[in-house]
Amino acid sequence: MPKTVGIFVRDEFINAGDKGLIVADLFKKFRQEDKTNATYSSFWRYVNNYRLLGFIEPTGKTKRARRIAGKRVLKDKKFYRITEDGGINDTKHLRSWSNPITALYPQFGSEWKKEYLIKWRQRRALLPSNRGRPRFQSLSALSS
């Protein structure tokens, strides 16, 4: 069974220990192993949800950014490590690692989705069924 993104991230942070990881390096490794089309931006947002949940934290160490002609081109890269809360192995925490958005925003859980879909389908049923460009009758019917 393939790992979810969250379980992959969790395992990598556990393996790194207190030394920590740079999110960009973690993303490169994820892209190599998973062969995904995910962007760094979406991956960073996903990892940032773990920071908001308190599962990872910055270590305080940074890696200096690349410089060209004495000017800094990129931001310094931060190292992150797993917290004690993030390393717990019960089903609640594993579910939060697998789906951090639902853990952060429980009001948008499955019940909310069901209600939203019911309302959406009701609104859609009220729309006229003949949407799209108008169809014309054949030319012979128009000339008579």
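Structure's up top.
All of these numbers come straight from a predicted model, not from anything done at the bench.

Participant: Talk me through a nonpolar patch on the surface; I want residue IDs and the actual numbers.
Facilitator: The grouping of Leu52, Ile101, Tyr105, Phe108, Trp112, Tyr116, Leu117 and Trp120 at the surface amounts to a nonpolar patch, some 770 Å² of accessible area in total. Tracing the backbone shows Leu117 in helix H6 (residues 110–126). Overall, the relative accessible area of 35% leaves Leu117 in the partly exposed class.

Participant: Could you give an account of the packing of helix H3 (residues 40–53) against helix H4 (residues 91–98), with specific residues and numbers?
Facilitator: For the pair H3 and H4, interaxial distance at closest approach is 10 Å and the crossing angle is 145°. Across the interface between the two elements, Tyr46, Tyr50 and Leu53 from H3 touch Ser96, Trp97 and Ser98 from H4. Considered class by class, the residues forming the contact of H3 with H4 number four nonpolar, two polar and no charged.

Participant: Tell me what's going on with the environment of Lys3, and back it up with residues and numbers.
Facilitator: Relative to the helices and strands, Lys3 resides in the segment before helix H1 (5–16). Owing to a relative accessible area of 52%, Lys3 belongs among the exposed residues under this scheme. For the pair Lys3 and Ser98, spaced 95 residues apart in sequence, the C-alpha to C-alpha distance is 9.3 Å.

Participant: I'd like to hear about the nonpolar core, residue by residue, with values.
Facilitator: Counting 17 residues, the largest nonpolar core has Val9, Phe13, Leu26, Phe43, Ile56 and Trp97 as the members making the most contacts within it. Sorting the residues of this core by element identifies H1, helix H2 (23–34), H3 and strand E5 (77–82) as the ones contributing at least two each. Not counting residues within four places of it along the chain, the set of residues in contact with Leu26 comprises Phe8, Val9, Glu12, Phe13, Leu21 and Phe43.

Participant: Which residues make up H3, and what values do they have?
Facilitator: With 14 residues, H3 should cover 20 Å at 1.5 Å per step; its first-to-last C-alpha distance of 20 Å lies within 8% of that length. Next to the buried residues of H3 lie H1, H2, strand E2 (56–63), H4 and helix H5 (100–104). Phi for Gly54, located one or two positions after H3, is positive at around 85°.

Participant: So what's going on with the sheet that holds E5? Residues and values would help.
Facilitator: An order of E1-E5-E2 is seen for the three strands of this open sheet, with the pairing classed as antiparallel. Both outer strands of the open sheet, strand E1 (21–22) and E2, are each paired with one neighbouring strand and no more. Bridge count between E2 and E5: five bridges; the pairing is antiparallel. Each bridged residue has a counterpart across the sheet, and for Pro58 the counterpart in E5 is Tyr80.

Participant: Quick rundown of the side chain of Arg10? Include the residues and the values.
Facilitator: Of note, Arg10 is situated in helix H1. Among all residues touching Arg10, those that are not within four sequence positions of it are Ile82, Gly86, Gly87, Ile88, Asn89, Leu94 and Trp97.

Participant: Account for the side chain of Glu12, naming residues and giving values.
Facilitator: Position of Glu12 relative to the elements: it lies in helix H1. Judged by relative accessible area, Glu12 falls into the buried class, the value being 13%. Once residues lying within four places of it in the same chain are set aside, the contact partners of Glu12 are Leu21, Leu26 and Lys29.

Participant: Describe the packing of H1 against H2, listing the residues and the values that go with them.
Facilitator: Interhelical geometry of H1 versus H2 gives an angle of 125° and a closest axis separation of 11 Å. Taken together, the axes of H1 and H2 are oblique relative to one another. Like other packed secondary-structure pairs, H1 and H2 cross with a definite hand, here right-handed. From H1, Val5, Phe8, Val9, Glu12 and Phe13 reach across to H2, where they touch Leu26, Lys29, Phe30 and Glu33.

Cut-offs and rules
- Residues numbered from 1 in each chain as written.
- Predicted model: local features only at pLDDT ≥ 70, side-chain atom pairs only at ≥ 80, totals over all residues.
- Heavy atoms only, no water.
- Patch = residues over 30% accessible without salt bridge, like charges linked within 9 Å, V, L, I, M, F, W, Y side chains within 5 Å.
- Areas by Shrake-Rupley, 256 points an atom, 1.4 Å probe, with all protein chains shown as cover.
- Salt bridge = Lys/Arg side-chain N within 4 Å of Asp/Glu carboxyl O.
- Helix = DSSP H or I, 4+ residues; strand = E, 2+ residues; numbered from the N terminus.
- Buried < 20%, exposed > 50% of the residue type's maximum accessible area, 1.4 Å probe, protein only.
- Axes fitted to C-alpha atoms, helices over the stretch in contact; angles between N-to-C directions.
- Contact = heavy atoms within 4.5 Å.
- Nonpolar A, V, L, I, M, F, W, Y, C, P; charged D, E, K, R; others polar.
- Core = buried A, V, L, I, M, F, W, Y, C linked by side-chain atoms within 4.5 Å.
- Expected span 1.5 Å × (residues − 1).
- Pairing = 2+ DSSP bridges.
- Parallel < 35°, antiparallel > 145°, perpendicular 65-115°, else oblique.
- Left-handed = near helix turned anticlockwise from the far one by under 90°.

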